[in-house]
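# Inside the fold
What follows is the residue order along each chain.
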Amino acid sequence: MYAQAFFVAVFGLAAIGFGVVVFRTSSMVRSALALLFSQTAVGCMFLAMQTEFLGVLQIMMMATEMSIMAIFMVMFMMDPGGLGGMDMSHQKRFSIGAGVSAAVVAIAVALLSDWGPAAEQVADAEAQTRELGMELLGRSMMIFETAGITILTAMIAATAVAIPVKNLASKDDKEASE
Amino acid sequence: MLPLVSLTLFLPLVGAVLILCLPKPTARTVHGIAIVSAALTLVGALAMWLQGVSGDGFSQVEELEWMPAIGAAYRVGVDGISLPLVLLSAVLFLVSFIYTSSLRDRPRAYVALILLLETTAIGTFTALDGILFYVFFEVSLVSMYFMIAGWGHEDRQRAALMFFIYTLLGSLPLLLAILGLYLGSPDPTFDMRAWIANPPLEGAAAMWALIAMLITFAVKIPAIPLHTWLPAAHVQAPTVGSVILAGIMLKFGTYGLVRFALQMTPEAFREAGIVVLVFGVVSAIYGAFAALAQTDLKRLVAYTSVNHMGYVIVGVSAAALTLDPAVRATALDGAVLQMFSHGLVTGALFFLVGMIQERAHTREMGEFGGLLKTVPLLGWSFVLAAFASLGLPGLAHFPAEFQIFLATLGTTPIAVVVILGIAIIAGTFLKALRETFLGEPRDRWNKMPDLSPREILAVAPLLVLTVATGVAPSWVLDVIHRTTSALVL
Amino acid sequence: MNAVLLPILPPLIAALAALILRRGGAALALAGVALSLAGSLWLLAGVVDGQAQPLILPGLPDMPLRLVAGPMTALLSVAVATVGTFVLIYAVGYMKRESGQARFYAVMSLFLATMQALVLAGDWILLLAAWELIGLCSYLLIGFWFQRPEAANAASRAFLYTRSADLGLYVAVFMLIGSAGTSEIAASLDAGVSASTAAGLLLLLAAMGKSAQVPLQDWLMRAMAGPTPVSALLHSATLVAAGAILLIRSAPLLTPEALFAVGLVGGITTVAAGVIALAERDLKRLLAASTASQYGLMLIAVGAGVPLAALLHLLAHAAIKSSLFLAAGDFQHAREGTGFDQLKGVGRARPWAFAGFALAALALAGIPPLSGFFSKDAVIAAALSAPGAVWLVPLALAGTLLTGAYMARALRLLWRGSGDTRPVAGTGWMRAGIWGLAIPAAGLGLAFGPLETMLDLPAPETAGMGAILSGLVAALGGLALGWLVPVKRLLGPAHQWAESGLVVAGGLTACIGRPAMAVARRCDRLEDHLYAAALGVGHAAVNLARGGERLEQRLYLAVLGVGRANLAVGRWVRGGDERGIDGLIFALVAGVRALGARARTLQSGLIHHSLAISAVATAVLLAILFSASLSF
Amino acid sequence: MGRDLALIIPEIAVLLTAVGALIAEMLRRPRISLIIAVIGLVVGTGLTLRLLGTDTTVFGGSFRIDTLSIWAKLILLPATVLAMLLARVDVRGSAREGTVYSLLIFSTLGALVLAGAGDTMFLVLGTLLTGLATFALVAYPDTDPATEAAMKFFVFASVTTAIMIFGLSYWFGASGSTLIADLPAMDTMPLAVILGFVAVVVGLGYKASLVPFHFWAPDAYEGAPLSIAAYLSVVPKIGALFALTQVVRDLPPETGWAAVMAGLAVLSMTYGYLAALVQDNIVRLLAYSSIAQSGYFLLGILAVGSSELALPSIILFAAAYAAMNLGAFAAAATTGRTLSDFEGLGRTRPLMGIAMVIFLLSLVGIPPLAGFVGKFMLFGAAIDAQFTWLAVVAIVNSVLSLAVYLRIIVPMYRAGESASAATDPWHGIVVITAFAATLIIGLAAQLFIV
Amino acid sequence: MTVVLIVALLTGAILFGIGIYGALSQTNLVMIMMGVELMLAGAMVNLVAFWRFLHPEAYSGQMFVLVVMTVMALEMAVGFGVAIARFRAKGSVEMEEAEDLKG
């Protein structure tokens, strides 16, 4: 029990620390890397909370995602190396306030609510995976399928936006010139 | 059995659709169709008249399911209060079409709008369903807006907008009241008969509903101080617009006052009756004084409407205040007959003013003089209408005003000061007659033509009915009285 | 067909026929009135013994119209028809050269018909209706020559005066119907309860208007702008008589207080109008003033509680005054005017007319055995018997004296001077009319006895020699004074005032008419101000909105903005009149638009601003909900 | 399971249609893509009719087949067809024309999922599905304004969705279930419920463009092609509002959600019309007007549970709103994007003028048009739920709205030559259909009240 | 109620707060997306903790985590699509430069 608490706390601190770093470097690549570490730490938290399937999934997915992100950084930043000290933020003070209050509200709700007795034991990883599979293809089948459709849509949409459109009706040329 | 009420109600609409569907009709065809459908409507109204009313509740009721889930239906029917107004509408619209048959400026849309207006007018008077009533009540507004905006005089856009916003703003409270009545009924329904039989609201709710209705109807009537749209709208409206506006659309307000305020929230009306009465008295006297000061003939006639409608308010509130059924019947007889008479008389007056304006392109009384010599027919018609308007016996307003005053004296003696209004109105019209029609004829107007056959056809029926109503009011009053005497509040 | 309709319908039909046919008006009107006369005589014959059944016509719900022929109403009907017949005969000659004959005869016939309806009315509503309609007819007749501004004004004035006074009748009728529960006159009378003093005073007001009693006498003098037959009819048996008839018929209803008021008004009028008549410089106006004075006498009789005397005087006066007017019309045609300067000596040139005039004048003065003697005698006797005799008798005697004086003055004027004249067309018709009425004017007194028995009304108790003698002395004295003493000396310092019609404080026009117009103009200006005020409100809103905008920029500018807003409101209120057409609504729309412009500045287009606002809103939402739930 | 599948046949049909349209596009047959899309949606509508009157759930309560979701299909599928026909004019001949059609259908599918959501996950996925497709549609013209619009839209969407998901995580913690129907069980933890509820309001409120989560809407509408703006203002919005209805249905009243709805309603109506009042760009004007109209929906939503009228009024107004708003956008598409383009429209093209007037008057709520009946019922529902003051505010706002719409109507009948942008027969068809629907819904409102 | 749950919830809340800060303060589209990722990560931590310590029998909690992961990935994908389109049209994905549409 205490071991669990320890690990959760450590990984949690890591996730938070790297999360802070994301917005404190002046290089996007570093931000992406920090985000990757943060997300990995979250994955580790999952593992520490005996949710192995999700933990592994999280770590794997984030690794991929963040590498893509890093590539994009290079594409869209004038300053891929992050050498200049330019500030990429605005309304900082308000944002800090908003972030702190959001966290405070969430913490307050977490602390003030009576969550009831905690479960001592959970099923082992194998059983969990089986149960999750049952859930996936049983009650949540439609959700699962919808998620699938959403992925399909995202693919189409992403391609549709990313590839330039030619010879659109003349009307939009007018708009472009406005 | 033919569904007479519905036939009468939708005949004009059929005419309008026909006119809009015809590909490029000539002006003659358009006016022809309009006159024929209005004439058929009049036939329908007369048939309804012959069927008469039973006195107990509504007669000739026609009902069709519409939205049974919420208790709304297509329900129409008449009683002694609405039947005269239906007849009035049919007559006024027919003569309006006759009058307007010389119009060549976009006649198709114009005539279609008026036909639509006729359906909504008759619909407002015959609807027995809260929603249906509101629908007709509002649609009339739209057609009138376009009539004024499209065919009015110099400053028409502004006047039309003023009219539209004012009356729409005014009518929204009615919507709330209707909803209140609906939700207050034990078995939610929009059936106005049920609301009348068992007024659904009581206490503060009823009072709020009443206040909402009073706002709506006060704008429409119009009562002081919500009347400021009226002179502007009248001055800018085309002649037929004025005729219909004053002759029929003002009655929406007074009719609603009786049908809704009095019949559906009787207790609250009794409590607030004295306030309403004061408004009526002030309206009547203020309207009379304002009319007296006018130099523009059309504005003058418009303000006399404020006066005459003030009497109706007085009559209705007297009916609400009294506990004696006989006095109440007298008050309501007078109020309803006053609506009918005002339609005839003011319709005729607006026609005549319109004819003068068409000839002279001015409405300033000071610029005329001695017209009785130049255009005797027009002049004498105006004299007759003016005397009718100032309440001379033998003409339409007398029996109505007499009963209103009689009932008022029997209920709230002090309110009979409102009778001063008839002396002021007399002064108003005498002044107008003297400046416009009497005195030395002016050379400027020597060439002015007298009434054409078309114009005679437009005005004569109104004048004949004015005299008929004045000499033998019983042909109308019998119908009205049958309902008002059986009225239970 | 009930006989009661006989006097009414023929003139009515004649009126309609004349309007529709537009020719032969005279013949139609004569036929109508003749039939009416026959009908009324028939009625009179029918009611000598017993009460006729009322005729019930449809009217208002529960309040049918009733016509009833009783002894008094039938008698009055005969009087109206008789006067009408001879006036119309006269008019044939008088109107020979006028245009608009159809209109004239139609309205005259209508006038007679409505008057018949008035006298025969069996319920208050019909009475009121006829009462108002004769007002209309007199408007149309006085304004017959509507192109003349003075005729147009006189007609309007006559109608407005009488109509305003009619409000009294309206309210009185409402009170009577209210107290009796029915509109039937007989029922009101039978109920035995007298109407309240208020109702009585209101009736008096109505009668004062119609009978031109002080202070409402002004219109009658001006009404002379109409054709003379109209004046004759108006003054003798129709419009002016209606007032007296109303009081005579409702006399049983009046309380002592109301009766006293009636008598007092009559007394004052008879003297005042007599003085005015004495000072007049126009024959027709003199006669008009005299009419008011004579009706004052009748009111004295009513006030004294002896309506019979009033009725008798009314009948006598009807014949006398109509013949006087008809004769005056004859002179008018001869000299093209009725001013005293024009009429000098006309009597010598028109002897027939003058003879009729003189006969009637003497009758009016009260010289025995002419009719006026008897009726005036009855009035004085009534005054003597009245509770307020101290007041009424001197006034009645003064009135008699004045009557003699002004009649003598008129006679003297007509007789003295050169007799040239121009030929007059239609003299024969006119002569017939004059004499047809002068004869009854002279001899009607002989019929008073039988009439009294037929009417069965209480007669004055002390019809002794005192009344006869004092009346006779006053009449003769008056005649002598009028003939011998110039009017200026007679009236002394009051002459000028009397000549202007005894106008007090600028007259009724100044007391009521002008204030009414002032109120009307005030209302009209209020209308403008309503717009302007609305405008002010709207623009104040606009300025406030603008002020708010500045507030956001800088605080001190906002202070300035409020100041400017105030200034602007001030400017708007001042300039409101010329921009008055702009209504509340437009101004409000403008104000709301300014608010909208403020609203759009939220939409900066920068997404982080938007997100920030959304975040704040979310926080607010959370805060509200949390605090609400925690306080549970 | 078979029963469950049978009940979601319309959704499956829509999905197949989208895929079909996509396949046709791959074969470079955009016309066929359009035809498939239209036929598929019509078939989907037809299949739905069979379900009318059903009230059940499928897949363990995660998806609801009830009045709301059935009517959502009946309203949104035809609306999508109309939007698609409008879009046809905008994108004809361009590359990947068919993609637009299939994205439209996918987005609609998302709205349908939202409207039937019985599970909080569907709230997330539905928002995402509609969102993803519409980002692409907004950015489709590939111009500066279009991409700017898409970018703002995207940022707003992702942030609000994240907030919603975070809040929903607390709902799961509190109830131990992701089903909305299990929400009443957690009244022991009011704070968590409130947090989750506010998060849902943020997430769905953005989609329904309720003030103060509306900021993206005017910009996105302006930057996007007009047809897409028309689509955005109708389909995703109605989906989100229906989802909100599904959520509050099961929410314990102690959370005070009704008051929140009332507050948002006031804000949306007032702010929407105020801002619309100063717009000269017709698209932005209509955007703000649609923000205000969302506020009216809330009148019905807050009465859910306390008034019988609530559900019918929401459905009826949704149908009316879809018809009149699509009509107004279509009419604007034939005329131009600024107010001055409308000058003289009523004189030069009287029929189009009449149609536009009808749409706008219906938006105001003039009887007997569709908008009137809808608003009337909404007011009734609000009054029935003891929110009379709100009905009064709504009515005052209707007056404000009159000023907004008269700004378009008045110049239409002034003298002037209206600009006539490319008028296409498709526009005509859409306008006529919407016109007929606006009239018919007003007169045959009974059909919508179940 | 255990300490671990509280620790996890604290972590989730703080991650969410950092995410909010990032989403509000960053000028670059991609950076904003990172903020959103962090917000979602916070939600996932919450969900897993709730599942583990309160409702281990309710696998819909795990399901939800899967859904959130999908959301993260898809938003990322489409976000990059939008970013590419924006970059092509304007040459930058700075939010400050996206202010042509307003009012």
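Note that the coordinates shown come from a computational prediction; the quantities given were computed from them, not determined experimentally.

Rules and cut-offs
- Residues numbered from 1 in each chain as written.
- Chains lettered and ligands numbered in written order.
- Predicted model: local features only at pLDDT ≥ 70, side-chain atom pairs only at ≥ 80, totals over all residues.
- Heavy atoms only, no water.
- pLDDT = per-residue confidence, 0-100.
- Helix = DSSP H or I, 4+ residues; strand = E, 2+ residues; numbered from the N terminus.
- Core = buried A, V, L, I, M, F, W, Y, C linked by side-chain atoms within 4.5 Å.
- Buried < 20%, exposed > 50% of the residue type's maximum accessible area, 1.4 Å probe, protein only.
- Contact = heavy atoms within 4.5 Å.
- Phe/Tyr/Trp six-rings, centres within 6.5 Å; stacked < 30°, edge-to-face > 60°.
- Lys NZ or Arg CZ within 6 Å of the ring centre and 35° of its normal.
- Patch = residues over 30% accessible without salt bridge, like charges linked within 9 Å, V, L, I, M, F, W, Y side chains within 5 Å.
- Areas by Shrake-Rupley, 256 points an atom, 1.4 Å probe, with all protein chains shown as cover.
- Salt bridge = Lys/Arg side-chain N within 4 Å of Asp/Glu carboxyl O.
- Lys, Arg positive; Asp, Glu negative; His and termini not counted.
- Charge placed at Lys NZ, Arg CZ, Asp CG, Glu CD.
- Pairing = 2+ DSSP bridges.
- 1 Å grid on protein atoms, 1.4 Å probe; cavity = no way out; pocket = protein on both sides within 12 Å on 5 of 7 lines; lining within 4 Å.
- Points joined across faces, edges and corners; volume = space filled by probe spheres on them.
- Nonpolar A, V, L, I, M, F, W, Y, C, P; charged D, E, K, R; others polar.
- Buried area = accessible area lost by both parts, 1.4 Å probe.
- Domains from an automatic or database assignment.

This part takes up the confidence of the model for chain D. For any part of a model where pLDDT is low, the fine detail of the predicted coordinates should not be relied upon. Mean pLDDT for chain D: 88, with 96% of residues reaching 70 or above. When mean pLDDT is compared element by element in chain D, helix H10 (residues 226-249) of chain D scores highest at 94, while helix H14 (residues 345-348) of chain D scores lowest at 78.

Attention now goes to the nonpolar core. Generally speaking, nonpolar side chains in soluble globular proteins are found buried as a group. Counting residues in each nonpolar core, the largest one holds 748 residues, and the members touching the most others are Phe260(B), Phe387(B), Phe402(B) and Phe357(C). Counting residues per element, this core draws most heavily on helix H2 (residues 29-53) of chain E, at 20 residues. The residues contacting Phe357(C), other than those within four sequence positions of it, are Leu283(C), Leu287(C), Leu324(C), Ala327(C), Ala328(C), Phe331(C), Met407(C), Ala410(C), Leu411(C) and Leu414(C). Counting residues in each nonpolar core, the second largest holds 5 residues, with Ile367(C), Ala408(C), Ala475(C) and Leu479(C) among its members.

Here we come to the packing of aromatic side chains. This model, assessed by the stated rule, comprises 67 aromatic pairs over all chains. Geometrically, the ring pair formed by Trp115(A) and Tyr170(D) is tilted, given 6.3 Å between the ring centres and 45 degrees between the ring planes. Here Trp115(A) is found in the loop between helix H4 (92-112) and helix H5 (125-137), whereas its partner Tyr170(D) is found in helix H7 (residues 144-175) on a different chain. Judged by relative accessible area, Trp115(A) falls into the buried class, the value being 6%. Residue classification places Tyr170(D) among the buried residues on the basis of a relative accessible area of 0%. Ring centres 4.8 Å apart and planes at 50 degrees place the aromatic pair Trp115(A) and Phe50(E) in the tilted group. One end of the pair, Trp115(A), is in the loop between H4 and H5; the other, Phe50(E), is in helix H2, on a second chain. By the ring-pair criterion, three or more aromatic residues cluster together here, those being Phe125(B), Phe133(B), Phe137(B), Phe217(B), Phe252(B), Tyr255(B) and Phe260(B). Sitting over the ring of Trp415(C), Arg348(C) keeps its end group 4.8 Å from the ring centre.

This part covers a negative patch on the surface. There is a patch of like negative charges on the surface, built from Glu96(E), Glu97(E), Glu99(E) and Asp100(E). By relative accessible area, Glu99(E) is classed as partly exposed at 32%.

Here we take up the pairing of strand E1 (residues 55-60) of chain C. Residue and element names in this part refer to chain C. In this sheet, strand E2 (residues 63-67) lies alongside E1 in antiparallel orientation, the contact comprising 4 bridges. The partner of Leu55 across the bridge, within E2, is Leu67. Between E1 and E2, which pair antiparallel and follow one another directly, the connecting turn spans 2 residues, one of which, Asp62, has a positive phi of 65 degrees.

On to empty space enclosed by the protein, then. Scanning all chains against the criterion turns up 7 cavities of 30 Å³ or more. Contributing to the lining of the largest cavity are Leu611(C), Ser614(C), Ala615(C), Thr618(C), Val159(D), Thr160(D), Ile163(D), Val202(D), Ile20(E) and Leu24(E). Elements with a minimum of two residues in the lining of the largest cavity: helix H28 (607-630) of chain C, H7 of chain D together with helix H1 (3-25) of chain E. It is H28(C) that provides the largest number of residues to the lining of the largest cavity, a total of 4 residues. Of the residues assigned to the lining of the largest cavity, the class counts are 7 nonpolar, 3 polar and no charged.

Before going further, it helps to spend a moment on the interface of chain C and chain D. The interface is formed by 25 residues belonging to chain C together with 33 residues belonging to chain D. Summed over both partners, the interface of chain C with chain D buries about 2500 Å², with 76% contributed by carbon and sulfur atoms. Linking chain C to chain D there are 0 salt bridges. The set of elements that each furnish at least two residues to the side of chain C that touches chain D consists of helix H27 (584-601) and H28 of chain C.

This next bit is on the confidence of the model for chain C. Residue and element names in this part refer to chain C. Taken residue by residue, chain C gives an average pLDDT of 79. The fraction at 70 or more is 84%. In the model, residues 544-563 has pLDDT below 50 throughout and makes 11 contacts with residues more than four positions away in sequence or in other chains. Considering only residues more than four positions removed or in separate chains, one finds that residues 569-582, a stretch of pLDDT under 50, has 15 contacts.

All right, on to the domain arrangement of chain D then. Residue and element names in this part refer to chain D. In terms of domain boundaries, chain D breaks down into domain 1 (1-253) and domain 2 (256-450). Using C-alpha coordinates to define each centre, domain 1 is positioned 21 Å away from domain 2. Domain 1 puts 43 residues into the contact, and the matching count from domain 2 is 43 residues. Carbon and sulfur atoms make up 78% of the surface buried where domain 1 meets domain 2, a total of about 3900 Å² over both sides. Contact with domain 2 buries area across many residues of domain 1, yet Trp71, Val211 and Leu226 alone supply 16% of it, more than any other trio. Between the two partners, domain 1 and domain 2, sit 2 salt bridges.

For side chains bearing opposite charge, pairing can occur when the charged atoms are close. Residue and element names in this part refer to chain B. Taken as a whole and assessed by the stated rule, the structure comprises 30 salt bridges over all chains. Salt-bridge contacts for Glu267 lead to Arg270; the nearest nitrogen and oxygen are separated by 3.8 Å. Here Glu267 pairs with Arg270, and both are found in helix H11 (residues 266-292), just 3 residues apart, close to one helical turn. Looking at Glu267, the relative accessible area reads 48%, which means it is partly exposed. Its relative accessible area of 22% is what places Arg270 among the partly exposed residues. The shortest N-O distance in the salt bridge between Glu455 and Arg454 comes to 4.0 Å. Overall, the relative accessible area of 3% leaves Glu455 in the buried class. Among the charged side chains, a salt-bridge network with shared partners connects Glu63, Arg75, Asp129, Asp191 and Arg193.

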